[in-house]
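Next come the chains, spelled out residue by residue.
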Amino acid sequence: MKYFLKQLTSLILPITVLILVPAWIEKDISIKNIPIFAVGILVVLLGIAILSVTIYSFITIGKGTLAPWFPTGKLVISGLHSYIRNPMIIGVLVVLAGESIAFLSFKILIWMFLFFLINNLYFLLYEEPSLEKRFGNDYLDYKKKVPRWIPKLKSYKPSKTANS
């Protein structure tokens, strides 16, 4: 039951970022153009797929959640994480971009950029130093070889000294 509650409370973040904030800032959530709405929904679905894969990795490989209050116990460096350090945030940005397209919302687009800036600061000031402390050289090797925001084409392979 405790495990289920941890996972459930982790949904607070995506629900807030992807549903509550956009609904709060964009009062006109309506379909203005069906073809553009359809494109936006396809982009949203792509973002949800990225989020689903990364959240699943955090649960199954990392033995934790996406929430910083229930972090992973193991460093996740495989799957999408072997190409980019923050694929979950990329998934969120893709969903927000899709919502912005679907509803022709400049306000949601601004929220997407603000969310990116907030997370970039969070990663620089808190998460990356925290991961360095928790996972040591394994994380430092990963951080050196895998970009934070722009995926590389070749997947990361831990060095012989890394224990992940």
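The present account deals with the structure reproduced in this document. (Residues numbered from 1 in each chain as written. Predicted model: local features only at pLDDT ≥ 70, side-chain atom pairs only at ≥ 80, totals over all residues. Heavy atoms only, no water.)

### What about the nonpolar core?
Line of reasoning, step 1. Formed by 20 residues in total, the largest nonpolar core has its most connected members in V17, L18, V92, L96 and F115.
Line of reasoning, step 2. Listed by contribution, the elements that provide at least two residues to this core are α2 (12–25), α3 (34–60), α4 (87–102) and α5 (106–145).
Line of reasoning, step 3. Among the elements that make up this core, the one with the highest residue count is α4 (six residues).
Line of reasoning, step 4. The residues contacting V17, other than those within four sequence positions of it, are P22, V92, L96, W111 and F115. (Core = buried A, V, L, I, M, F, W, Y, C linked by side-chain atoms within 4.5 Å. Buried < 20%, exposed > 50% of the residue type's maximum accessible area, 1.4 Å probe, protein only. Helix = DSSP H or I, 4+ residues; strand = E, 2+ residues; numbered from the N terminus. Contact = heavy atoms within 4.5 Å.)

### Some thoughts on a nonpolar patch on the surface
Line of reasoning, step 1. Nonpolar side chains collect at one region of the surface, where F4, L5, L8, L11, I15, I19 and L20 lie side by side and expose about 640 Å² of accessible area between them.
Line of reasoning, step 2. Sorting the residues of the nonpolar patch by element identifies α1 (2–10) and α2 as the ones contributing at least two each.
Line of reasoning, step 3. Summarising the element assignment, I19 is placed in helix α2. (Patch = residues over 30% accessible without salt bridge, like charges linked within 9 Å, V, L, I, M, F, W, Y side chains within 5 Å. Areas by Shrake-Rupley, 256 points an atom, 1.4 Å probe, with all protein chains shown as cover. Salt bridge = Lys/Arg side-chain N within 4 Å of Asp/Glu carboxyl O.)

### Describing the pattern of salt bridges
Line of reasoning, step 1. Under the counting rule described, the total for this entry stands at six salt bridges.
Line of reasoning, step 2. Between E128 and R148 there is a salt bridge, and its shortest N-O distance comes to 2.8 Å. Here E128, found in helix α5, pairs with R148, found in the segment after α5; they are 20 residues apart in sequence, far enough to count as distant.
Line of reasoning, step 3. Each of R85, E128, E132, K143 and R148 takes part in one network of salt bridges that share partners.

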